Amino acid sequence: MKYLPKIVILLVLAAFADAKIVPYIMDGQAMGPKDIPFAAGIMIHRPQNPGWCGGSLVSRNYVLTSAKCVTNIPSASVLLGASDVNRANQTISVSNIIIHPFFDASGEKNDIALLQLSVSANLSDVVGLARLPSKAQKKEKFSGMTATAFGWGKGGKGKASVPVEKLHAVNETVMTNFGCLKKYPAYITDSNVCTESGNGTPCTGDEGGALYVIDEDNYPTQIGIFAYQFSMGCNWGWPAVYTRLTSYLDWIKDNSDVVIREK
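Residues numbered from 1 in each chain as written. Predicted model: local features only at pLDDT ≥ 70, side-chain atom pairs only at ≥ 80, totals over all residues. Heavy atoms only, no water.

**Thoughts on the overall build of the protein chain**
Then comes step 1: The number of helices and strands found in the protein chain is four helices and 13 strands.
Then comes step 2: The 263 residues of the protein chain split such that 54% are buried.
Then comes step 3: Summed over its atoms, the accessible surface of the protein chain is roughly 11600 Å², and 52% of this surface lies on carbon and sulfur atoms. (Helix = DSSP H or I, 4+ residues; strand = E, 2+ residues; numbered from the N terminus. Buried < 20%, exposed > 50% of the residue type's maximum accessible area, 1.4 Å probe, protein only. Areas by Shrake-Rupley, 256 points an atom, 1.4 Å probe, with all protein chains shown as cover.)

**Description of the pairing of strand 5 (residues 75–80)**
Successive residues of a regular strand alternate their side chains across the two faces of the sheet.
Then comes step 1: The buried fraction of strand 5 amounts to five of the six residues, a majority that puts the element mostly inside the structure.
Then comes step 2: In the sheet, strand 2 (residues 39–45) pairs with strand 5 via six bridges, with the strands oriented antiparallel. What sits directly across from Ile42, in strand 5, is Val78.
Then comes step 3: One ladder, built from four bridges, connects strand 5 with strand 6 (residues 90–99); its direction is antiparallel. Along strand 6, the bridge assignment pairs Ser77 with Ser93. (Pairing = 2+ DSSP bridges.)

**Looking at the environment of Leu211**
Then comes step 1: Inspection of the secondary structure assignment puts Leu211 in strand 11 (residues 210–214).
Then comes step 2: Considered as a pair, Leu211 and Leu245 are 34 residues apart in the sequence and their alpha carbons are 9.8 Å apart.
Then comes step 3: Non-local contacts of Leu211, meaning those with residues more than four positions away in its chain, are made with Ala147, Thr148, Ala149, Glu172, Val193, Thr195, Thr221, Gln222, Ile223, Gly224 and Tyr242. (Contact = heavy atoms within 4.5 Å.)

**Structural notes on the sheet that holds strand 5**
The strands that make up a sheet are held in pairs by hydrogen bonds between backbone atoms, and each pair lies either parallel or antiparallel.
Then comes step 1: Read once around its circumference, the closed barrel built from six strands follows the order 2-3-4-7-6-5, with strand pairing classed as antiparallel. If you compare each strand with its neighbour and ignore which way they point, the axes differ by 40 degrees on average. (Axes fitted to C-alpha atoms, helices over the stretch in contact; angles between N-to-C directions.)

Any link to function would need more than the numbers given here.
Pasting the structure below:
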């Protein structure tokens, strides 16, 4: 499965000229069972090539993730309450995969999907729901805000295979789309949100995981789904690119039982 966009040769050369090496890809902290209760791990069931992605529980019946993770797969299961993947609180099979009808893998467009669970998740202090942006936030850019990304993906050069045992998270800064476009010309649109990666970044195995900010009411709000990093590797300090959820609130509402807040 191909996850990252091709970068033209001139951009590759430029990257080697000015890239900042990040010693650890996630460079974050291990999370406890109650720290990110809406974090979901997705096991991709393929006989010859099993896979792993991240996601977020957005209702008792649906998980939000990346379309590239779940396109043309035989089946999948979701782990909830899995800050330690070996001690997941719940493992639920996926009964239906809903991929955005205009998902374009080659152009990295509309990279969003919903997974319908075969049974409803049981909510607790270790399994909770992600809050999505409100309708009033549709034009919000979130630029300059501190955001948190998380996942079970690669934690640094030479680290263990995906998924790693412990859920990790890292704080990043949301950057302007104009600044991100300079690194990924022809790929960044208004439906993307990017973060600086100097302090660490999600990487392989983290696709589909949530990006969230602490909103004005001090409650976490998911604003993105991790889509891709620089195709030459995640340790070059290039921006991490996410699907911007404010562009897809209507699609999420129309294809799930998620209720989008007015304010």
